[in-house]
Structures are given as C-alpha cells and as structure tokens.
Amino acid sequence: MISLGEFIQDLLNPDLAFLPKALLVAVMSSVVCGVIGCHVVLRGMAFIGDAVAHAVFPGLAIAFVLQGSLVIGGAVAGVVTAVLVAVFSQNRRLKEDSIIGVFFVAAFALGIVIISTAPGYAGSLQQFLFGSITGIPDEDVYVVAIAGAILLLVAFLLHKEFVAVSLDREMARSAGLPVFWLDLALYVLVTIAIVLSVQTIGNILVLALLITPAAAARLLTDRLGLMMFLAPVIGGASALVGLYLSWSLDLPAGGTIVLVATAVFLVAWFFAPRHGLLARRRRHGSARTPEQEAENQGVAAGERATLGGVPTG
Amino acid sequence: MTTSATTATPDRAVASPAEAPSPEAAVLRVRDVAVELGGRLVLHDANLDVRAGELVGLIGPNGAGKTTLLRSILGLVRRRSGEVLVDGAAARGASTSMGYVPQRHEFAWDFPISVEDAVMSGRVRRIGWLRRAGVADYRATREALDRVRMTHLRKRPVGELSGGQRQRVLVARALALGPGVLLLDEPFTGLDVPTQELLTDLFAELAREDGKAVLMTTHDLVAAMHACTRICLLNRTVVATGTPAELDDPALWMRAFGISQTSPLLSALGLSTTDRKADA
Ligand SMILES: Nc1ncnc2c1ncn2[C@@H]1O[C@H](COP(=O)(O)OP(=O)(O)OP(=O)(O)O)[C@@H](O)[C@H]1O
Ligand SMILES: [Mg+2]
C-alpha cells in the first residue's frame, strides 16, 4: 500500500498521465450521478438506471466496432432507451421491471454479440463491463466536464417541477405540468449521467454510482436540499478514496469505488441520526418527548395506525 | 354524530354575505358529461352545478364513476361529450381556478420535504418555468397553512404526520392556488371519527366562510348527510341531487347503490320505515 503522498506524486508524474485524468473523470461523474441519483432514489425508479445501463452497452459496442466515439454511441443508445421507458411507463398496467427483464437484457446480449465481431474483443469486453482507468482520451475529460455541468444546470433549472411530479403525479398533471416531458427530461438526464460514468466504473457497476450515494444521503437527512448536497459529496469522495485504494492496492478501480460508497451507505444505515438502525432502536425504547405530544394536540391518539392511507379504487 | 353546529342549513350556506357571488351563479357547472374508459361508458349524461358556498357530497358505490367525474372536471380524462364550465367559461385542462385534493395515497409521503414546501409545490405551475418562488407565493403558502391550522407544523417532514394532518396538507396545497372550486376525493379514507369531524368542519368552513364551491366524494354517507349542504347521488350518471332533507326517498338510494329495501344502509340513513325528517 502506498501512502497518500506517493499517490499525489503519482498523480503528478507525467508518465502516469492517465491517472489524474481517470481521477478527474471518476470524481466528476460521481458528483453528477449523486445529484441525479437523488431524483432516481426518491421516485423509486432504480429500474430506469438499470435499463439504461444495460441498453447503453450495444451503443458502446457499435461505437467500438465502428471506431466511433464511445460517449456518443452510448448516449444515443441510452436516450433511445430513455424515450422507450418513458413511453412504456406512462401505461401503468405494464410492469416496468418485466419489460426491463426481457428487453434490456436482450440489448445487453446484442452488445456482446456485436462486440465479439471486433478483433481481440475479450479485453475490450472486460473494459466495458468493469471499467478502466487507462486509455481515457483527453477530449473525454472535457466532454465529461462540459456535459456534467450542463446536466447539473438542467437539473437545477427543472428542480421544482421534478419535485412536484415526484410528489404527486396526479396533482402535477391537474395543475397543468407536462408530466410526460418532465419524465422524459429526467430519464435523459439519468442516461447521460450513466454514459459519462460508464467508462471508468464499467457497465455493470454504474448503477451503484447512481443509487448508493443518494440512498446513503437519504438516510442522513429529511431535507431535500441537504440530501442533494450530501449525495454528490459522498459520490465524489467515494471516487477519490476508491481510486486511491485501487491504485495503491492494485485493485480494479470500479469495484473499489463502489465498495467505498457501499461502506458509506452501511455506516449511514447503522448510525444515521434519525433513520439509522441504532437511532430507531433507541427511539423505540423511549417514549415520545413532551413537545412532540404537544405538537400533536388536537389530533386523535391512535391516528398513526392509519398512516399509510388505505389504497382504494 | 355529536356535532350539530356543522349541519349548515342549505339557505344559510347559499345566501352567504356580501363578498360571495350571487347564489344563482354556479361556479362549477357540469353539462351532459360522458366519459369512456377502456372502451366502456363509465359516465353518461352527468349534470351537476356547484355554487359558491356549497359543500356538495358526491356519493355512490365503488366504481360508480366518482373519481372519474372529478378527473374529467379537471381535464385529466378526456370527455367523450359534454362540457365543464368554471365561472361561466369552459374549464381548461390546466385550470388554476380549481384546487384538487387527490386520494391521499397518490402522494409520496416518504419524500424528504417539509409541510411548507409540500404546500408550495401546489404553486409550481403558477410560479412558472425557470423562476423561483416570490413573496406572493410565500404569502399564499402561509395563508393556506393557517387556513388548515397546520402553521405550527410547517417545518415537519411530511413523512412524520398523522393521517389527518396529511389530509390537511393536501387541502392546503390545493388552497395555495386560491381556487374558487375545491375537489376532494375521499378525504376521509382511513381516518378515525374525530379526525373526520375535524376535517368535515374545515370543509364546511371553506364553503361557508371562504365562499368556495366544494365538491367531495366520500363513502361515509352518514357524515355526508350531516355536513353537506347538498348531496349528489351518482351511479354512472347522476341519480339524484338535492339537500339531505330532500333525498328522503329510499327508492333513490336503492337505485344509486343497487341495494334492497331491507338494507341496513337505509336504516342508518333513517329512511327505512320511520319517516324521520332532518334533525334541523
Ligand atoms: N383506466 C381505466 N380504464 C378502464 N376503466 C376504468 C379505468 N379507471 C376506472 N375505470 C372504471 O371506471 C369505473 C369508474 O371508476 P371510478 O374510479 O371513477 O369509480 P369511483 O366511483 O371513484 O369508485 P371508488 O368508490 O371505488 O373510488 C369503474 O367501473 C372502473 O372499473
Ligand atoms: Mg374513487
């Protein structure tokens, strides 16, 4: 294991120019995924991340075989998928997860078949699936930086509309918000966030970058603003620490980054101030505070039994 | 049923003072509305007027088309024919003169958002694209919270509210737009009796004092007969409308609910054998 100082030296070493590039790309894409992932987690639509991650693969494969830009190939395939999912999911009778189970695994299979036509494909296949920190072209650093910035800007500008739709689609629709287009916009944001991240972290693991930091942040706070700040911080820090560990211990980068993020999630799961396992245990034992009781004045006791509401026709 | 103060007599409710619009003009008019869903005619020839200051109970069995009627008023489902007028003008899909309170389970209660911000979310469309909430939006939010008496809980995450408090948040969210018409879909589902009565009082107040036209679906017939100024019996079409006192013909209820003469429902409503007049 090398020390942090040595890691910094390596980062500055011109012979290892790929290392700072990889670090930059990993951190930037994690930050973007953290922010977008908040919407994904809050809407409970991890399936879209899964779908896009799978569907991006044939796009990458085609771009690879044709020697085109991987980012563009992935983005095209991903956006097509996002549109399909948005259209399909408007019809609430189709279960999204079955569509994804059939359709997107097939897309994945298609990617494998396509990429197998390229000479020496085994290496590149592994690179796609598990990510690689070497061989990131210079222009990709700029692409990730610029696209990431645009993504964050759009997410910021549409924030209150996204929240209104996530809170209550029916109400949003009745208020006249274009729910379908907002869904589509969000799906496209998710897609681009995934495409930006897929190179360093790999196709299989990219979902974790989207979900894990946001889920950990959700456990830590009940305030959306704070959650959307914590998730990218957790994501970015996981990328930084993960890459350092992977470099110094000679472990695969994508896997290490995801494991670090998962460790953060587990810590939050156990120790989060309100929603953590320990906090809940503690609360369970003690009675409610007098202020809480006072706040609930005027409301019948036992009302909590009906919290979830009763689903009816 | 202990509250007698909430039994607003129809004349008192309709002829409300000064600022309320004239009782003649219905704020909400539903004209010959028909709706087809999945190839079946779910609603046909539905006619209904709701005036300012009225609390109208929309009553019917499961699948009668109550939710469908509300949604067609809001333009959320396409009408096959008929029209909906709000303040005399054809209601647009994205009407801001109607506040909608959907069934409580439509709302994502686990969302990390405060009561205050949830209420503000009702105004997102009004605020407009690429803009932030301004002074007027904060004021409207505060007033709506005051109206439903939730101001003291405004910082609470919505996930930590009781069922009745949640319902009040949804009402406040609809009120934040300052609508003339309020549409409530089964606001009492899963709530205990005291909470139901609190909410009923609130809805009656919104009609009586604020001059809103309130249309509410419910399965709590006894409470509806008690609190509503008018009742609309619906079963794929409007079977009958009238004040609770006027709907004393058991045949109407038998038709609307498809029940027999001996149904306990009729005795619960005091309609079976004894000819009990309204308790006013
Ligand atoms: N999306 C749909 N497609 C086809 N039919 C539908 C659809 N939604 C509702 N229906 C049908 O329309 C009818 C009216 O439904 P609606 O939800 O308006 O009833 P409701 O009076 O609100 O019932 P409840 O008391 O159970 O809420 C029902 O027969 C229902 O089966
Ligand atoms: Mg209904």
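Refer to the preceding data block for the structure.
Residues numbered from 1 in each chain as written. Chains lettered and ligands numbered in written order. Predicted model: local features only at pLDDT ≥ 70, side-chain atom pairs only at ≥ 80, totals over all residues. Heavy atoms only, no water.

In this section: the overall build of chain B. Looking only at helices and strands, chain B has 10 helices and 10 strands in total. Expressed as a percentage of its 280 residues, the buried residues of chain B come to 56%. Excluding contacts between residues fewer than 6 apart, the proportion of contacts in chain B whose partners are at least 24 apart in sequence is 68%. Total accessible area on chain B is roughly 11,800 Å²; 50% of this is exposed by carbon and sulfur atoms. (Helix = DSSP H or I, 4+ residues; strand = E, 2+ residues; numbered from the N terminus. Buried < 20%, exposed > 50% of the residue type's maximum accessible area, 1.4 Å probe, protein only. Contact = heavy atoms within 4.5 Å. Areas by Shrake-Rupley, 256 points an atom, 1.4 Å probe, with all protein chains shown as cover.)

Let's shift gears to helix α6 (residues 121-130) of chain A. All names here are of chain A. Residues of α6 that are buried include every one of S124, L125, F128 and L129, and no others. Looking down the long axis of α6, one finds its buried residues gathered within 135° of arc, a one-sided arrangement. Away from its buried face, by an angle of more than 90 degrees, α6 presents the exposed residues A122 and Q126. (Arc of directions from axis to C-beta.)

The next point concerns the sheet that holds strand β7 (residues 181-185) of chain B. Residues and elements named next belong to chain B. With respect to topology, 6 strands assemble into an open sheet ordered β6-β7-β8-β3-β9-β10, the strand pairing being mixed. Of all the strands in the sheet, just β6 (98-101) and β10 (238-242) have a single pairing partner and so form its edges. Averaged over all adjacent pairs, the angle separating strand axes in this sheet is 15°, with direction ignored. Looking at chain direction, strand β3 (residues 55-59) and strand β9 (residues 230-234) are connected through 4 bridges and run parallel. By the bridge assignment for β9, L58 is matched with C232. Across the sheet, helix α2 (residues 66-73) is in contact with β3, β6, β7, β8 (213-217) and β9; its angle to β7 comes to roughly 150°. (Pairing = 2+ DSSP bridges. Axes fitted to C-alpha atoms, helices over the stretch in contact; angles between N-to-C directions.)

Counting residues in hydrophobic clusters, the biggest one holds 75 residues, and the most contacted among them are I36(A), M45(A), Y187(A) and L243(A). Apart from residues lying up to four places away in sequence, I36(A) is in contact with L151(A), A155(A), L189(A), V190(A) and A193(A). L167(A), V101(B), W109(B) and V214(B) belong to the second largest nonpolar core, which has 70 residues in total. (Core = buried A, V, L, I, M, F, W, Y, C linked by side-chain atoms within 4.5 Å.)

Before going further, it helps to examine the packing of helix α7 (residues 138-157) of chain A against helix α10 (residues 179-201) of chain A. All names here are of chain A. It is the contact of α7 with α10, at a shortest axis distance of 10 Å, that shows an interaxial angle of 155°. Viewed along their axes, α7 and α10 adopt a mutual orientation that is roughly antiparallel. Where α7 crosses over α10, the handedness of that crossing is left-handed. Together, D140, V144, A147, G148, L151, V154 and A155 of α7 and L189, I192, A193, L196 and Q199 of α10 make up the contact between the two elements. When grouped by side-chain class, the residues that make up the contact of α7 with α10 number 9 nonpolar, 2 polar and 1 charged. (Parallel < 35°, antiparallel > 145°, perpendicular 65-115°, else oblique. Left-handed = near helix turned anticlockwise from the far one by under 90°. Nonpolar A, V, L, I, M, F, W, Y, C, P; charged D, E, K, R; others polar.)

Now for the site of ligand 1. For ligand 1, the set of nearby residues contains 16 residues, the closest of which are N62(B), K66(B), T67(B), T68(B) and H219(B). More than one chain reaches ligand 1: the nearby residues come from chains A and B. Between ligand 1 and the protein, one listed contact pairs an oxygen atom with a side-chain N or O atom of N62(B) at 2.7 Å. Note that an oxygen atom of ligand 1 is positioned 2.7 Å from one of the side-chain N or O atoms of T67(B). The fraction of the free accessible surface of ligand 1 (640 Å²) that becomes covered by protein chains is 72%. Tallying contributions element by element places α2(B) first for the shell around ligand 1, with 3 residues. Split into classes, the residues belonging to the shell around ligand 1 amount to 4 nonpolar, 8 polar and 4 charged. (Near = heavy atom within 4 Å. Polar contact = N/O pair within 3.5 Å; in protein donor to acceptor, adjacent residues only side chain to side chain.)

Moving on, we come to helix α13 (residues 253-271) of chain A. Residue and element names in this part refer to chain A. The terminal C-alpha atoms of α13, which comprises 19 residues, lie 27 Å apart, in line with the 27 Å expected from a rise of 1.5 Å per residue. Residues of α13 that are buried include every one of A253, G254, T256, I257, V258, V260, A261 and A268, and no others. Buried residues along α13 sit against α2 (18-43), α6, α10, α11 (206-220) and α12 (224-249). (Expected span 1.5 Å × (residues − 1).)

Time to look at the interface of chain B and chain A. Contacts between the two partners involve 49 residues from chain B, matched on the other side by 41 residues from chain A. Looking at the side of chain B facing chain A, the largest losses of area belong to F111(B), P112(B) and W129(B), adding up to 18% of the total buried there. Taken together, chain B and chain A are joined by 3 salt bridges. Here D168(A) and R173(B) are joined by a salt bridge, their closest N and O atoms 2.8 Å apart. Where chain B touches chain A, the interface holds 10 residue pairs in polar contact (both at pLDDT 80 or more). (Buried area = accessible area lost by both parts, 1.4 Å probe. Salt bridge = Lys/Arg side-chain N within 4 Å of Asp/Glu carboxyl O.)

Time to look at unusual backbone geometry. Unlike most non-glycine residues, D87(B) shows phi in positive territory, near 55°. Residue position: D87(B) is located in the loop between β4 (81-86) and β5 (89-90).

Here we come to the sheet that holds β4(B). Residues and elements named next belong to chain B. Pairing is antiparallel in the open sheet, where 4 strands are placed in the order β2-β1-β4-β5. Across the chains shown, the open sheet's two edge strands, defined by having one partner strand only, are β2 (40-51) and β5. Here strand β1 (residues 26-37) runs beside β4; their pairing, made up of 5 bridges, is antiparallel. The residue of β4 that forms the bridge with L28 is V86. Across the face of the sheet, α2 comes into contact with β1, β2 and β4 while running at roughly 115° to β1.

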